[in-house]
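Working through the structure, step by step
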Amino acid sequence: MDDDVRRKQNEIIIGIYTTPVEDLLISCCEGLREIIPFDHSYTALNDQSDRFKAAFNYQSMDTDEETTALYADYYHTIDYLSWFYNQGIPATVRSTDLVPPEVIEQSRIHQEWESRMGIFIQRLRALPQTIYFLGRFP
């Protein structure tokens, strides 16, 4: 790992402890983009206090508000990866590590929501309290 990446990682870690909570997820995405290039990001807080594991506070620094609201208001209910997010297990994966590409292509969320942004493969970082979507697109 080179010094520049190490410096950027340190900046992200410092930001976790110094950034106001309402800005924290977007700040982390901005920092991650400096290390791992991606086209779109998406964040939400994930309430794991009960068995329903509700996500809220959907934000994006690079996806328009209408598209973000569509996911928050509807598409999260049919997301083919929701079973994975709800486990609350820290992990970094590609969507195709969990779901075959042909299933993704045939899914309603992909055809109606992801494809309008040019998304096919998602790289995501799931943490017990937060979710980072790091898109890698054709």
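First things first, this report covers the structure right here in the doc.

1. A few points about the pattern of salt bridges
Taken as a whole and judged by the stated rule, the model has five salt bridges. The partner of Asp-62 in a salt bridge is Arg-33, with the nearest N and O atoms 2.5 Å apart. Of the two residues, Asp-62 sits in the loop between strand 2 (55–59) and helix 3 (65–73) while Arg-33 sits in helix 2 (residues 21–35), which places them 29 residues apart along the sequence. Where Arg-108 meets Glu-112, a salt bridge forms, and the shortest distance between an N and an O atom there is 2.9 Å. Of this pair, Arg-108 and Glu-112 both sit in helix 7 (residues 108–114), four residues apart, which is roughly one turn of the helix. A relative accessible area of 33% means that Glu-112 is categorised as partly exposed. Taken together, the shared-partner salt bridges in this structure form one network comprising Asp-4, Arg-7, Lys-8 and Glu-11.

2. As for the nonpolar core
Ranked by internal contacts, the top residues of the largest apolar core, which has 17 residues, are Tyr-71, Tyr-80, Ile-109 and Trp-113. Secondary-structure elements contributing two or more residues to this core are strand 1 (41–46), helix 4 (82–85), strand 3 (91–94) and helix 7. Ignoring sequence-local partners within four residues, the contact set of Tyr-71 consists of Tyr-42, Tyr-58, His-76, Asp-79, Tyr-85, Ile-109 and Trp-113. One finds Ile-12, Leu-24, Cys-28 and Phe-38 within the second-largest nonpolar core, a separate group that totals five residues.

3. Let's talk about a nonpolar patch on the surface
A grouping of Ile-13, Ile-16 and Tyr-17 is seen on the molecular surface, where their side chains present a nonpolar patch of about 350 Å² in accessible area. Topologically, Ile-16 is positioned in helix 1 (residues 3–18).

4. Quick notes on the side chain of Lys-8
Within the secondary structure layout, Lys-8 lies in helix 1. Among the polar contacts listed, one links the side chain of Lys-8 to the backbone oxygen of Glu-34, at a separation of 3.4 Å.

5. Some words on the packing of aromatic side chains
Inspection of every chain in the model, using the stated rule, returns four aromatic pairs. For the ring pair Tyr-74 and Tyr-75, a centre distance of 4.9 Å and an interplane angle of 70 degrees mean the geometry is edge-to-face. On the basis of relative accessibility, which here comes to 31%, the residue Tyr-74 falls in the partly exposed class. On the accessibility criterion, Tyr-75 (9% relative accessible area) is buried. Through a chain of ring-to-ring contacts, the aromatic side chains of Tyr-58, Tyr-71 and Trp-113 assemble into a single cluster.

6. A word on helix 1
Between its terminal C-alpha atoms helix 1 stretches 22 Å, which fits the 22 Å expected from 16 residues at 1.5 Å a residue. Residues Lys-8, Ile-12 and Gly-15 constitute the buried set of helix 1. All buried residues of helix 1 lie within an arc of 65 degrees about the axis, which places them on one face of the element. Structural note: helix 1 exposes Asp-3, Ile-14, Tyr-17 and Thr-18 on the side pointing more than 90 degrees away from its buried face.

Conventions used here
- Residue positions within a chain follow its written sequence, with the count starting from 1.
- Residue-level local features of this predicted model are given only where pLDDT is at least 70; pairs of side-chain atoms are given and counted only at 80 or more, and the full residue set underlies all totals for whole chains, interfaces and linings.
- Excluded from the side-chain calculation are hydrogens and water; included are all heavy atoms of the structure.
- A pairing counts as a salt bridge when a side-chain nitrogen of Lys or Arg comes within 4 Å of a carboxyl oxygen of Asp or Glu.
- Numbering of helices and strands starts at the N terminus; helices are DSSP runs of H or I of at least 4 residues and strands are runs of E of at least 2.
- Partly exposed residues are those whose accessible area sits between 20% and 50% of the maximum for their type, while under 20% is buried and over 50% is exposed, using a 1.4 Å probe and protein chains only.
- Throughout, nonpolar core names a set of buried Ala, Val, Leu, Ile, Met, Phe, Trp, Tyr and Cys residues whose side chains join them through atoms within 4.5 Å.
- In this description, contact between two residues means that some pair of their heavy atoms is separated by no more than 4.5 Å.
- Patches in this entry comprise residues that are over 30% relatively accessible and not in a salt bridge; like charges within 9 Å are linked, as are nonpolar side chains (Val, Leu, Ile, Met, Phe, Trp, Tyr) within 5 Å.
- Areas reported as accessible are Shrake-Rupley estimates using a 1.4 Å probe. Residue values count occlusion only from the protein chains shown.
- Pairing of N or O atoms within 3.5 Å defines a polar contact, subject to two protein rules: one partner must be a possible hydrogen donor and the other a possible acceptor, and residues neighboring in sequence count only if both atoms are side-chain atoms.
- Only the six-membered ring of Trp is used, alongside the rings of Phe and Tyr, when aromatic pairs are assigned; centres must lie within 6.5 Å, and planes under 30 degrees apart are stacked while those over 60 apart are edge-to-face, with the rest tilted.
- In a helix, the anticipated span is given by 1.5 Å times the number of residues less one.
- Directions pointing from the helix axis toward each C-beta atom define the arc.

In short, shape yes, function no, at least from these values alone.
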